[in-house]
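Architecture at a glance
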Amino acid sequence: MIEISGLTKVYGQTTVLDGIDFTVADGEIAAVVGPSGAGKSTLARCINLLERPTAGSVVVGGRDLAALSGRELRRARREIGTVFQSANLLRRLTAAQNVALPMRHRGLEDAEVRRRVGDLLERVDMLHRANHFPSQLSGGQRQRIGIARGLALRPSVLLADEATSGLDPESTRSILGLLTGLRDELGVTLLVITHEMDVVRGIADQVAQLDHGRIVEHGSVVDVVRRSDSPLSRALLPMPPTPRAPEGLALWTLRYAADVVSPFWLSRASAQLGDLALLSALTEEVGGSSVGRLTVGLDPNQDAHRVASVFEALGITAERQIMGGIGVVAGAAGETAA
Amino acid sequence: MIPLLGTAWHDVPGLLGPAVWETARTVLIVMSVVVLVGGPLGLLIFNTSPLGLTPNRAVHVSISWIANLGRSLPFLVLMAAIIPVTRWVFHTTIGFKAAIIPMSVAGVAFFARLTENAVREVPRDLLDVGVASGSSRWQIISGIQLREALPGLVAGVTLNVIAMIEYSAIAGAIGSGGVGYLAVNYGYRRFDNNIMLACIVVLIALVQLIQFSGDRVVRALTR
């Protein structure tokens, strides 16, 4: 469990982080997202104590690590493992030696180090590359070694700072699978800092959006995705673009609202409302429940209240697209005039 | 004009052999001092800089200034200027011992800069790996900084050895012995072209050999 409260970082006149409050429960995966310049990397550096926060606390295991200094601070840093962007492996050390480095510096015995390096490499599925140098590994493989090294001192919290940035989609997926496995099997608390929304949708339980050094929105990923019109919700699950709307149709935006939406909802709605044009759709599994965003076209003479209640009974929120409707009418009028 | 005869070729090795040994001994002794003093000095210069592990402006500026001092004088001038120190330490101002002091001063200043450059090439992010996993400052310097900078440091030593061979030849002017002394006294003052030629060949071969070996080691160390 990691509790961040009132975390503030000021460089000279610039406030980079402004009172960040954020708690990640044991075994939870939390993501912090935000545009570049929002303060993400500073937040990461304050959490793994590479930077001293100007104010606020970082509590891990009931201890405020940010308040410590000197030798105590050095020890405290071991509570939080870090997976760095592009892995940061030492070029002149083999994969196994890289994983062993924190343990050797910690002063562990040789036999213990060897045993743990073997276990860690096996966990990240890299035992067969133990004696390779970083230059002989792919980006995804390097990051696996980086993760093994982050776990070397058995931290209770693992901080992944843009750990999948710059990896191809395939490697990203496999790294995310590995991280989720760590949580499931080791109970590690994971804090993921990223600008990639796919990562958030893929593994996070909760998400917070950072902007100008403040958390502007946060919640569980499932809740955020279902929010009607928040910027984070739209970023997480963007409305698929609608092709040119056919004439004479009223456009409706649909959003899955219930935990369980029957896979047969489309035919059921059609049975009550008549012809239903599916114009664009995005459905996805997020955090164990399905979410969906769709645009459908209906006969404009349908009673709006009835349409909304039919969809509501199916667990779907429906909203008439006013702007789209006007657009269609204007388009039709324009064509008539011509 | 009276034609001057050079040393007979069969006598050249007898003169050159001891001279090469003198040069090697001087350079070896000076290089030990240079690495042992210049290396730590370079680490201190870098790590007290804003990019280093323990930024400290006052220490950085003063040590940097001292290192510049050792490099700002042409070696011949430095050698002359430093004579009082040499006399105080060795009670002589000529010969092999006298050359050691000015060569060490110039070499240390040079190697401090070479070390600083070599460790600067190690990405800051790699040092952060050590900081974030609770390593001590010395563990980060020896286990990450120096280890990653090793190819650069070897290249620096190679460069420095060659510079010291050059300086040892200049030190020949104060009678330090060695190949430079031979070239000046026989080749220049006595117009002994044979000796001059032999010295040139030996110096070129020496420098080529050192550079070649240095490059090989650097390549072997680079991953």
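The numbers attached to residues start from 1 for each chain and follow its sequence in the written order. Here every chain gets a letter starting at A, and every ligand a number starting at 1, in the order they are written. This being a predicted model, a pLDDT of at least 70 is required before a residue's local features are given, and a value of 80 or more before pairs of side-chain atoms are given or counted; all residues contribute to the totals for chains, interfaces and linings. By convention in this description, side-chain values take in all heavy atoms of the structure and omit both hydrogens and water.

Regarding the overall build of chain B
Selection criterion: What counts as a helix is a DSSP run of H or I of at least four residues, what counts as a strand is a run of E of at least two, and both are numbered from the N terminus. Summary of the burial criterion: residues with accessible area below 20% of their type's maximum are buried, those above 50% are exposed, and those between are partly exposed, where the area comes from a 1.4 Å probe applied to protein chains only. Surface exposure here means Shrake-Rupley accessible area, sampled with a 1.4 Å probe, where a residue is shielded only by the protein chains that are shown.
Regarding its fold elements, chain B presents 9 helices and 0 strands. Helices and strands appear in chain B in the N-to-C order α-α-α-α-α-α-α-α-α. Seen through its principal axes, chain B has C-alpha atoms that stretch 75 × 40 × 25 Å. Of all 223 residues assigned to chain B, the portion counted as buried reaches 47%. By element, 69% of the accessible surface of chain B is carried by carbon and sulfur atoms, the whole surface being about 11,500 Å².

Describing the interface of chain A and chain B
Stated formally: What makes two residues a contact is simply this: any of their non-hydrogen atoms within 4.5 Å. Note on terms: buried area is the combined drop in 1.4 Å-probe accessible area of two parts once they are placed together, counting the loss on both. Note on definitions: salt bridges are taken to be side-chain nitrogens of Lys or Arg within 4 Å of carboxyl oxygens of Asp or Glu.
Listed per partner, the contact involves 22 residues of chain A and 22 residues of chain B. Carbon and sulfur atoms make up 57% of the surface buried where chain A meets chain B, a total of about 2,000 Å² over both sides. When the area that chain A buries against chain B is broken down by residue, the three leading residues are Arg91, Arg92 and His105 of chain A, summing to 36%. The tally of links between chain A and chain B comes to 2 salt bridges.

Here we look at the layout of surface pockets
Applicable threshold: In this analysis, the protein atoms alone were mapped onto a 1 Å grid. Cavities are point sets where a 1.4 Å probe fits without being able to get out; pockets are open sets with protein on both sides within 12 Å along at least five of seven lines; lining residues have an atom within 4 Å of a point. Grid points are joined across faces, edges and corners, and a volume is the space filled by probe spheres set on the points. We call Asp, Glu, Lys and Arg charged. Ala, Val, Leu, Ile, Met, Phe, Trp, Tyr, Cys and Pro are nonpolar, and the rest, Gly among them, are polar.
Looking at the largest pocket, its volume works out to about 470 Å³. At the level of secondary structure, the elements contributing two or more residues to the lining of the largest pocket comprise helix H2 (70–77) of chain A together with helix H6 (124–132) and helix H7 (137–171) of chain B. Of all the elements, H2 of chain A adds the most residues to the lining of the largest pocket, at 4 residues. Each residue belonging to the lining of the largest pocket can be placed in one class, and the counts come to 6 nonpolar, 6 polar and 8 charged. There is about 290 Å³ of room inside the second largest pocket.

Some details on helix H1 (residues 12–47) of chain B
The cut-off we apply is this: Expected helix span is given by 1.5 Å per residue-to-residue step, counting one fewer step than there are residues. Bending is quantified residue by residue as the angle between axes fitted to the seven-residue window ending at that residue and the seven-residue window starting at it.
For H1 of chain B, with 36 residues, the first-to-last C-alpha span of 50 Å sits near the 52 Å given by 1.5 Å per residue. Along H1 of chain B, the sharpest kink reaches roughly 25°, centred on valine 34 of chain B.

Considerations on the environment of aspartate 125 of chain A
Residues and elements named next belong to chain A. Position of aspartate 125 among the secondary structure elements: in the loop between helix H4 (110–123) and helix H5 (139–150). Aspartate 125 sits in the exposed class, given a relative accessible area of 53%. Measuring from C-alpha to C-alpha, the distance between aspartate 125 and arginine 183 comes to 16 Å, with 58 residues separating the pair along the chain.

Let's talk about the UniProt feature "transmembrane region" (unreviewed entry) in chain B
All names here are of chain B. Where we set the bar: UniProt positions are given in the numbering used here, feature names are shortened, and annotations may be inferred rather than shown by experiment.
Residues annotated by UniProt as "transmembrane region" (unreviewed entry) correspond here to residues 26–46, 58–82, 88–112, 153–175 and 195–214. Across residues 58–82 one finds 88% helix and 0% strand; the C-alpha atoms that close the span lie 27 Å apart. Along residues 195–214 the backbone is 100% helical and 0% strand, and the end-to-end C-alpha distance reaches 28 Å.

Details of the side chain of threonine 8 of chain A
Residues and elements named next belong to chain A. What counts, and what does not: We define a polar contact as two N or O atoms separated by no more than 3.5 Å, with the added condition that, inside protein, one atom must be a possible hydrogen donor and the other a possible acceptor, whereas residues neighbouring each other in sequence contribute only through side-chain atom pairs.
Along the chain, threonine 8 turns up in strand E1 (residues 2–11). Relative accessible area serves as the criterion here: at 15%, threonine 8 is assigned to the buried category. Polar side-chain contacts of threonine 8 include one of 3.1 Å to the backbone oxygen of glycine 6. Setting aside residues up to four positions removed in sequence, threonine 8 forms contacts with Thr15, Leu17, Asp18, Gly19, Pro53, Thr54 and Ala55.

Here's the deal with the packing of aromatic side chains
Residue and element names in this part refer to chain A. Our working rule: Pairing of aromatic side chains requires ring centres within 6.5 Å, counting the rings of Phe and Tyr and the six-membered ring of Trp. Pairs whose planes differ by under 30 degrees are stacked, by over 60 edge-to-face, and all others tilted.
In the structure shown here, the tally under the stated rule is 3 aromatic pairs over all chains. Where tyrosine 256 meets tryptophan 265, the ring centres are 6.2 Å apart and the plane angle is 85°; that geometry is what we call edge-to-face. Per residue, the accessibility class of tyrosine 256 equals that of tryptophan 265, and both read buried. Judged by centre distance (6.3 Å) and plane angle (65°), the ring pair of tryptophan 265 and phenylalanine 311 falls under edge-to-face. Of this pair, tryptophan 265 sits in helix H10 (residues 265–273) while phenylalanine 311 is found in helix H11 (residues 304–313), placing the two residues 46 residues apart along the sequence. For the residue pair tryptophan 265 and phenylalanine 311, the accessibility class agrees, reading buried in each case. Here a set of aromatic residues connected by ring pairs shows up, and it is made of Tyr256, Trp265 and Phe311.

A closer look at the domain arrangement of chain A
All names here are of chain A. Selection rule: Note that the domain bounds were set by an automatic or database domain assignment.
By the assigned domains, chain A splits into domain 1 (2–233) and domain 2 (239–337). Contacts between the two partners involve 8 residues from domain 1, matched on the other side by 13 residues from domain 2. Between domain 1 and domain 2, roughly 830 Å² of surface is buried when both sides are summed, and carbon and sulfur atoms account for 44% of that area. Among the residues of domain 1 in contact with domain 2, Arg201, Val225 and Arg226 are the three that bury the most area, contributing 64% of the side total. Linking domain 1 with domain 2 are 1 salt bridge, by the criterion used here. A salt bridge links glutamate 284 to arginine 201, with the nearest nitrogen and oxygen atoms 2.7 Å apart. Viewed at the interface, domain 2 and domain 1 are joined by 5 residue pairs in polar contact (both at pLDDT 80 or more). Examining the composition of the side of domain 1 that touches domain 2, we find that 4 residues originate from one element, helix H8 (residues 221–226), more than from any other. In terms of residue class, the side of domain 1 that touches domain 2 is made up of 3 nonpolar, 2 polar and 3 charged.

Structural notes on the nonpolar core
Residues and elements named next belong to chain A. Put simply, the test is: We define the nonpolar core as a collection of buried residues of types Ala, Val, Leu, Ile, Met, Phe, Trp, Tyr and Cys that are connected through side-chain atoms lying within 4.5 Å of one another.
Of all hydrophobic cores here, the largest spans 37 residues; its most connected members are Ile147 and Leu179. Those elements that place two or more of their residues in this core are helix H3 (95–106), H4, H5, strand E7 (157–161), helix H6 (169–186), strand E8 (189–193) and helix H7 (197–203). The residues contacting isoleucine 147, other than those within four sequence positions of it, are Val83, Val124, Ile175, Leu178, Leu179 and Leu182. Within the second largest apolar cluster, 29 residues are counted, among which are Leu17, Cys46, Ile47 and Ile193.

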